[in-house]
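Here is what each chain is made of, one letter per residue.
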Amino acid sequence: MKRLDIGIKIPKQVEFYVFIIIIVLSVIIQAKSGLFFTNNNIMDLLRSMIVPSIYAICALLSFVSTGGPDVSFPLIAALSSHLATTITINIGYDGSIICVFLIAVFFGLLMGALNGWIIVKYKFPTLIVTLGTSSIFSGLLLGAFGAERIALPGVMMRFARASLLTVRNAETGLSSSLPFTFLILVFLYIVIYLVLNFTMVGRGVYAVGGDEISAQRAGFAVNKIIFGVLAVNGAVAAIAGVCYTVMSRRYLPTEFAGTEMTVIAAVILGGVRLTGGVGTLRGCVLGTLLLTIVSNSLILIGVSVYWQKVFVGGIIIIGTAISAIQSRRAAKLSQEREADNYAVRKEIT
């Protein structure tokens, strides 16, 4: 029983260490620059975390349920937000922003469902399937739909200009605002947290990722869970796409791709296991915050953009190594438990 308890605490320890690293790094940047804990810098960090944190939900759900990364979410975000924006313009809609999100979610669900159907039907690895569909979505976006820079319609611009909170630094004169998209992030995290931790579906998601065969024997509908997770990923990515578009106050198709590896690194750093079945939203937030600090705040102490990439690369390697060590330890503990159980059964017989 003692060995089992140690195995369960490993992810929590990882999250704790990430939290400590965030605190130490923040203190160092504050000591060097005196600007890290200013109100506008904190607001800028929160703003910068919104879209990566929503993407992190997609990465978490994919790893936890399928044991593989979904790398299609940036292109799903790009294509669904493009369709939502152009449809809104073409029909002259000027009502609630909720309808714009619903249009994007509809297309995101379709694209996520395509990923899920291929994975469930043909038992292909998640990484291979989503790499392929990413290329398809990119071709549709830039080729079939001829996506280019688009000025946002009135309904999206009004939402973009609205701010949840605005602060001003008295010393520097700089002001920063927190958009309403932050509330969307909070809402998504609350919903996903409740589903994963307090519903049978959530237990099924972790069970399928931990051991698909055992989950099936326990009565979970493995194929339905995997399909559902990938479809939900598409919907969540679509929400992130609209959030990014309104925060940018324009639509640019080329700004979406290329973020998937950083997001995946953030969730792995936050304790998500590469082999599936282990990971928390809390870890996702911490991992995303750490990489956001590295990307946005090292410039305050004079670290160039190029060296920031070195830091991010090092963090990715460290995070992957931690996940690999976790997997080996879990496998070793499992083998030891099996050996102990076998010995007990042998003594009984």
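The present account deals with the structure reproduced in this document. Fair warning: this is a prediction, and the values are worked out from it, not measured in the lab.

**Let's talk about the overall build of the chain**
Counting its regular elements, the chain contains 13 helices and two strands. Against the compact-globule benchmark of 20 Å for 349 residues, the chain has a radius of gyration of 22 Å, which places it among compact chains. Its C-alpha atoms give the chain principal-axis dimensions of roughly 75 × 50 × 35 Å. Carbon and sulfur atoms provide 67% of the accessible area of the chain, an area that totals close to 17300 Å².

**Quick word on the nonpolar core**
Grouped together as the largest cluster of nonpolar side chains are 75 residues, with contacts concentrated most on Ile54, Tyr55, Ile57, Phe101, Met156, Tyr251 and Val267. Top contributing element to this core by residue count: helix α10 (residues 222–248), with 15 residues. When near neighbours in sequence (up to four residues on either side) are disregarded, Phe101 contacts Phe159, Ile184, Ile239, Val242 and Cys243. Core analysis: the second largest hydrophobic core is formed by 19 residues, Ile22, Ala265, Leu286 and Leu298 among them.

**Quick look at the side chain of Asn169**
Relative to the helices and strands, Asn169 is located in the loop between β1 (163–168) and β2 (175–179). On the basis of relative accessible area, Asn169 is assigned to the buried category, the value being 8%. There is a polar contact of 3.1 Å between the side chain of Asn169 and the side chain of Asn40. Beyond its immediate chain neighbours, meaning those up to four positions away, Asn169 contacts Thr38, Asn39, Asn40 and Leu174.

**Examining the pattern of salt bridges**
Counted under the stated rule, the structure contains three salt bridges. Between Glu15 and Arg282 there is a salt bridge whose closest N-O contact spans 2.8 Å. Here Arg282 lies in helix α12 (residues 281–297) and Glu15 lies in helix α1 (residues 2–33), a separation of 267 residues in the sequence. In this structure Glu15 comes out as buried when scored by relative accessible area, which is 6%. For Arg282, a relative accessible area of 47% translates into the label partly exposed. Across the pair Arg250 and Glu255 runs a salt bridge whose closest N-O atoms are separated by 2.9 Å.

Conventions and cut-offs
Residues numbered from 1 in each chain as written. Predicted model: local features only at pLDDT ≥ 70, side-chain atom pairs only at ≥ 80, totals over all residues. Heavy atoms only, no water. Helix = DSSP H or I, 4+ residues; strand = E, 2+ residues; numbered from the N terminus. Rg over C-alpha atoms; globule rule 2.2 N^0.38 Å. Areas by Shrake-Rupley, 256 points an atom, 1.4 Å probe, with all protein chains shown as cover. Core = buried A, V, L, I, M, F, W, Y, C linked by side-chain atoms within 4.5 Å. Buried < 20%, exposed > 50% of the residue type's maximum accessible area, 1.4 Å probe, protein only. Contact = heavy atoms within 4.5 Å. Polar contact = N/O pair within 3.5 Å; in protein donor to acceptor, adjacent residues only side chain to side chain. Salt bridge = Lys/Arg side-chain N within 4 Å of Asp/Glu carboxyl O.

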